[in-house]
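Residues per chain, in single letters:
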Amino acid sequence: MSKAIFLNTREDCQWLLSTHLGGRTDLMFDSFVLYGNEDCPTKLELYPDTHPLITDEPHTINFL
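Residues numbered from 1 in each chain as written. Predicted model: local features only at pLDDT ≥ 70, side-chain atom pairs only at ≥ 80, totals over all residues. Heavy atoms only, no water.

Engineer: If you had to explain the overall build of the protein chain to someone new, which residues and values would you point to?
Structural biologist: A count of helical and extended segments in the protein chain gives one helix and four strands. Counting helices and strands in the order they occur from the N terminus, the protein chain gives β-α-β-β-β. The C-alpha radius of gyration of the protein chain comes to 11 Å, within 12% of the 11 Å expected for a compact globule of 64 residues. Each of the three principal axes of the protein chain carries a C-alpha extent, and together these read 25 × 25 × 20 Å. Residue burial in the protein chain is summarised as follows: out of 64 residues, 30% are buried. (Helix = DSSP H or I, 4+ residues; strand = E, 2+ residues; numbered from the N terminus. Rg over C-alpha atoms; globule rule 2.2 N^0.38 Å. Buried < 20%, exposed > 50% of the residue type's maximum accessible area, 1.4 Å probe, protein only.)

Below you can see the structure in the form of C-alpha cells.
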C-alpha cells in the first residue's frame, strides 16, 4: 500500500509546484495529498482550499 500525506502550508505548496509540477501556473491549489515517496510520488490530489472537505473533488495527477 502506498504512503499518503496531506500537506497544506504555503511552503509545501511552493515546494510541490517547483519540484514536481515544473512551476505550472495553470494549477491553483492550497493543499494536496501526495501518494508514494516525496522524491518520486505516484499520485497527487490537489485541492483549492487549505482545509478541504471530505466531499471535495480533487484535481488528480497520476505519475507513471
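Engineer: An account of the pairing of strand S3 (residues 40–47) is requested, with residue identities and associated values reported.
Structural biologist: Bridging between strand S2 (residues 31–37) and S3 involves seven bridges; their strand directions are antiparallel. Residue Val-33 lies in a different strand from S3, and its bridge partner there is Glu-45. Between S2 and S3, which pair antiparallel and follow one another directly, the connecting turn spans two residues. Across four bridges, S3 lies against strand S4 (residues 59–62) in antiparallel orientation. Across the sheet, the residue bridging to Lys-43 is Asn-62, located in S4. (Pairing = 2+ DSSP bridges.)

These figures come from the coordinates and say nothing about function on their own.
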